[in-house]
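A structural walkthrough
Spelled out, the chains give:
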Amino acid sequence: MKMPETDEGVIAKRSSLVGRFRKFLSEESVINDHDELKVYETDGLTAYHQLPMIVVLPDTTAQVAKILKICTSEGVKVVPRGAGTGLSGGALPLADGVTVGLAKFNRILDIDYGNRTATVQTGVTNLAITQAVEAKGFYYAPDPSSQIACTIGGNVAENSGGVHCLKYGVTTNNILGLEMVLIDGEIIRLGGKHMESAGYDLLGLIAGSEGLLGVITEVTVRILPRPASARALLVGFSTVEAGGKCVVEIISAGVIPSGMEMMDKAAIHAAEDYSDAGYPLDVEALLIVELDGPKAEVDHLLQRVEEIATSCGAVNIRASKNEGERLKFWAGRKAAFPAIGRISPDYYCMDGTIPRGRLTEVLARVTDLSDKYNLRVANVFHAGDGNLHPLILYDANKPDELERAEKFGADILKLCVEVGGVLTGEHGVGVEKRDLMGTMFNEQDLNQQQRVKCAFDTEGLLNPGKVFPTLHRCAELGRMHIHHGRVPFPELPRF
Amino acid sequence: MESLLRPTDDTQVREAVAWAASENKPMAVLGAGSKTALGRPANLDTTMDLCKLTGVLDYEPSELVLTARPGTSLAEIDACLREQNQELAFEPPDLAPLLGTAPNIATLGGTIACNLSGPRRVRVGAARDHFLGMRAINGRAEAFKAGGKVVKNVTGYDLCKLIAGSYGTLALLTEVTVKVLPRAEKTRTVLLFGLEENSAISTLSDVMASVHEPTALAHLPANIAARSSVDLVSNAGCAATAVRVEGPTPSTIFRCEKLRGDFSKLGEVEELHGQRSATFWKEVANVTPFVTRRELTVWRIAVAPIEAAIVTAAIGSKCNAEWYYDWAGGLIWLATPQSDVTSNNLVRDSVASAGGQATLIRAEANVRTVTSVFEPLPAALYKLSARVKQSFDPKGIFNPGRLYAGM
Ligand SMILES: Cc1cc2nc3c(=O)[nH]c(=O)nc-3n(C[C@H](O)[C@H](O)[C@H](O)COP(=O)(O)OP(=O)(O)OC[C@H]3O[C@@H](n4cnc5c(N)ncnc54)[C@H](O)[C@@H]3O)c2cc1C
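Residues numbered from 1 in each chain as written. Chains lettered and ligands numbered in written order. Predicted model: local features only at pLDDT ≥ 70, side-chain atom pairs only at ≥ 80, totals over all residues. Heavy atoms only, no water.

Our focus in this paragraph is the sheet that holds strand S1 (residues 30-31) of chain A. Residues and elements named next belong to chain A. If you walk across this open sheet you meet the four strands as S1-S2-S4-S3, and the pairing is mixed. Each end of this open sheet is capped by a strand with a single partner; those strands are S1 and strand S3 (77-81). Of the strand pairs in this sheet, S3 and strand S4 (residues 97-101) are connected by five bridges, and their pairing is parallel. Within S4, the residue paired with Pro80 across the bridge is Val100. Sheet contacts for helix H2 (residues 14-22): S1, strand S2 (54-56) and S4; angle to S2, the most-contacted strand, approximately 10°. (Pairing = 2+ DSSP bridges. Helix = DSSP H or I, 4+ residues; strand = E, 2+ residues; numbered from the N terminus. Contact = heavy atoms within 4.5 Å. Axes fitted to C-alpha atoms, helices over the stretch in contact; angles between N-to-C directions.)

If you want it as structure tokens, here you go:
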């Protein structure tokens, strides 16, 4: 993976930068010791690592503004970092860059039950928001499996999803406002507790911008009352095809479950061995369908889903009878990643989205690819929204296995695009899928995105090397090419 | 020289933009023109009319996704979705009558460009939350795409969010992909009569915090309720608080009963079914109470819901305004008899001090020239927004000044 060229001139400024940061940050909040820097060398995509030049750990917005001002004036690159659980290398450091760690922004600032909002600092974990409001019967809906660790700022930067986003939406649908610092140190606030703001929807743009547009310091989220009840169905199928058909049929019948997850045989076995969730082991595909809402609704829909599942040839159907059982059904799915980690030294998690109707076909081709690359694969997916997570099993200690795994992964993502889907449903592009962007977007598409980046960061100092396969200078992107010194369209078009 | 450009395909759109860019011809961009009177008046002599770019291109009900060209009317899209028992869940309002044009002509592109959402916004999000992907032409006459045709996607910047609510100032849409959802099997609206505004707002807040999953919550003070064409509402002779529940039949009936039970402690209760419920919420969405009072200046105010009655009381104590509430108080439709600087400032200041935002939806063109239509932006945000505009439209040819003067 080619990263932006290291600027030796910047490296030379290292100790002077450390001195300047220490003027307003405590000794331990400015890290430049090799061993301590090592903690930050990678994120959840562990195949890539790089020691940062310096790590700073500010705890106020004013400090972030000062840091960014200094970095701008010295031409130093900046990498924002939350908890470092990202799976696409978004927080991968740069050798000549300052990593701005936001873990100290851990305070909950305001909980407003009347308006159903919570305002928290960027480093508060996703789960901590729910924990802060659950005594009053509320929760924060997006629930990435990493929720005990990942930060709300990271969630916004990645526009993270979770198993319940089919009904409740992803991060962008659940945030109302934020505070962030632009690269030149300017502090801006977007949105608030109200539901609509005038002007361009910069809040919507920031969600999923992967730390390339600004450093988020505070987020206001919408909190929801816990549904009155929830029940889950475990449905086993003897073919993947039948499972895929069932997913399509449920949606076609007008039922939007709060979650609809699918696992293939390899994933079912790994998860069951790890967590004793009670999954049937003699099936090829397993669906977990969760319905939530008033009991009258849940029972009614559960029955409809059962009928649909039966008509699709389900060989095994179990409905949760109580809360303990429902949670047990989920325990296996939620632990799918560590479970795979136990059966393979390393795994590589993919994240493409496809139209639901193409599921069977895509899985068959993933199996072919697995043969071709001679690597095992286990599939878990957010079936309800077509978001696949094939987990490629490999061993980094074996020569060329990582390389094979990466090629295999790239082929899967290309396949997703080919059938009308996209490269990433929730984990982001980062460095991982950067060089695949061309399979989905042409040069003009990417240029328009990069021009937006230029509106925020003319010098390209914020998290460069992520998302975009080619770095262009803003001046070059800003040129108008339609002139050529003449007027190419003298005629007024008539139609 | 006035010129009207009415392209019929993407290539023609691109040619027209190339012409406008090379000739420095700023142009007014429109779909069916139903919202031309919304925003700062432009007075441009070139018009780019996209109403000929029509047709549903792709619709796969089981994928919950529909792709259409921007000039397709909402009516046509609605008919198409209805056949499959689906809908645009954000309940796009038809503001055309309020703005003085014929109803039912609004296009999909125009609705997305203005990010207009109806009562169900409190539950399912705004138009922008349902806008998944697009093809468009930027001010450099370059075709580009963003987003995708699947419901979950984080590949690249979410440029769709910028286009939603940009009022045609960034790029010309040539293809729009939206998320669609199943229509509810059953709908019930519970009415509670006679609440005074503060208690109405706190009641609606309680309902939002309840497990009843309401999909619309409004409060109409007595003077507004009297104008409803739904007799149960207009004949009551007092304020009406309304909560809608939707979903599978047993669930809807159950929640409706629960709400009736809760509400009966607070006042007299009624219920709207089927057509009457639909009519009621259309009136709320389309601002029907103010449509025929053409002399009134109309504001759309977004505030933190529990501030709603405080904001209106502040305005009402100083001028002869009237209003009603949607989105459990989060949206206030407010009308004032005057549209002078003093009353406009009064509205803006009262809203701003509660942390909300006000948009001048209906006013004479000369008023919309001197008073900002949209909430003024703090300096840093204005500068940033102007750079974003530039990044799409460097020569400022798409609806210049429609959102903010000089942008
Ligand atoms: C076991 C496991 C399970 C996971 N499950 C899910 C899942 O179900 N759904 C899902 O969507 N994701 C999942 N993830 C991915 C990851 O947890 C999310 O992307 C998460 O939002 C990252 O948050 P973070 O705080 O760790 O961010 P980091 O990894 O630190 O950073 C992620 C990106 O955000 C940027 N960033 C972070 N903080 C800020 C800030 N304050 N301002 C600006 N930019 C910032 C970084 O520069 C980087 O580009 C999972 C990861 C793991 C390891």
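A word on the domain arrangement of chain B. All names here are of chain B. On domain assignment, one finds that chain B holds domain 1 (1-183 + 377-407), domain 2 (186-285) and domain 3 (288-370). Facing 15 residues of domain 1, the contacting portion of domain 3 comprises 14 residues. Of the roughly 1200 Å² buried between domain 1 and domain 3 on both sides combined, carbon and sulfur atoms contribute 62%. There are zero salt bridges connecting domain 1 and domain 3. Here domain 1 is connected to domain 3 by six residue pairs in polar contact (both at pLDDT 80 or more). For the side of domain 1 that touches domain 3, the elements supplying multiple residues, two or more each, are helix H3 (96-99) and helix H5 (121-124). With three residues, H3 is the single largest residue contributor to the side of domain 1 that touches domain 3. Taken together, the residues of the side of domain 1 that touches domain 3 break down into nine nonpolar, four polar and two charged. (Domains from an automatic or database assignment. Buried area = accessible area lost by both parts, 1.4 Å probe. Salt bridge = Lys/Arg side-chain N within 4 Å of Asp/Glu carboxyl O. Polar contact = N/O pair within 3.5 Å; in protein donor to acceptor, adjacent residues only side chain to side chain. Nonpolar A, V, L, I, M, F, W, Y, C, P; charged D, E, K, R; others polar.)

Turning next to the pattern of salt bridges. Per the stated rule, a full pass over the model turns up 55 salt bridges over all chains. Where Arg404 of chain A meets Asp400 of chain A, a salt bridge forms, and the shortest distance between an N and an O atom there is 3.0 Å. Arg188 of chain B is the salt-bridge partner of Glu271 of chain B, the closest N and O atoms lying 3.3 Å from each other. Pair noted here: Glu271 of chain B is in strand S14 (residues 269-273) and Arg188 of chain B is in strand S11 (residues 186-193), with a separation of 83 residues, a long-range link. Among the charged side chains, a salt-bridge network with shared partners connects Glu87, Glu91, Arg120, Arg183, Arg244 and Glu246 of chain B.

Another point: the sheet that holds strand S12 (residues 229-237) of chain A. Residue and element names in this part refer to chain A. Here we have seven strands laid out as an open sheet, ordered S15-S12-S14-S13-S17-S18-S16, and antiparallel in their pairing. Looking along the sheet, the strands with just one partner apiece sit at the ends: strand S15 (316-319) and strand S16 (346-349). Strand-to-strand, the axes of this sheet are offset by a mean angle of 15°, without reference to chain direction. Judged from the four bridges that link them, S12 and S15 form a sheet pairing that is antiparallel. Across the sheet, Val235 pairs through a bridge with Ile317, a residue of S15. Relative to strand S13 (residues 259-264), helix H10 (residues 265-275) is tilted by about 100°, and along the sheet it contacts S13, strand S14 (285-293) and strand S17 (377-382). Sheet strands touched by helix H12 (residues 323-334): S12, S13, S14, S15, S17 and strand S18 (387-394). Its angle to S12, the strand with the most contacts, is close to 50°.

Moving on: the pairing of S13 of chain A. Residues and elements named next belong to chain A. Burial of S13 is extensive: six of the six residues sit out of reach of the surface. Covered by surrounding structure in S13 are Gly259, Glu261 and Met263 together with Met260, Met262 and Asp264, the residues of both alternating faces. In this sheet, S14 lies alongside S13 in antiparallel orientation, the contact comprising six bridges. The residue of S14 that forms the bridge with Asp264 is Ala285. Where S13 lies against S17, two bridges are found, and the strand directions are antiparallel. (Buried < 20%, exposed > 50% of the residue type's maximum accessible area, 1.4 Å probe, protein only.)

Scanning all chains against the criterion turns up one disulfide over all chains. Disulfide pairing is shown between Cys454 of chain A and Cys474 of chain A; the S-S distance is 2.0 Å. Taking the sign of the S-S torsion, -90° for the link of Cys454 of chain A and Cys474 of chain A, the bridge is left-handed. Of this pair, Cys454 of chain A sits in helix H17 (residues 443-456) while Cys474 of chain A is found in helix H18 (residues 474-478), placing the two residues 20 residues apart along the sequence. In this structure Cys165 of chain A is not part of a disulfide, and its nearest cysteine sulfur, from Cys150 of chain A, lies 13 Å away. Cys238 of chain B forms no disulfide, and the closest cysteine sulfur to it belongs to Cys256 of chain B, at a distance of 18 Å. (Disulfide = S-S within 2.5 Å.)

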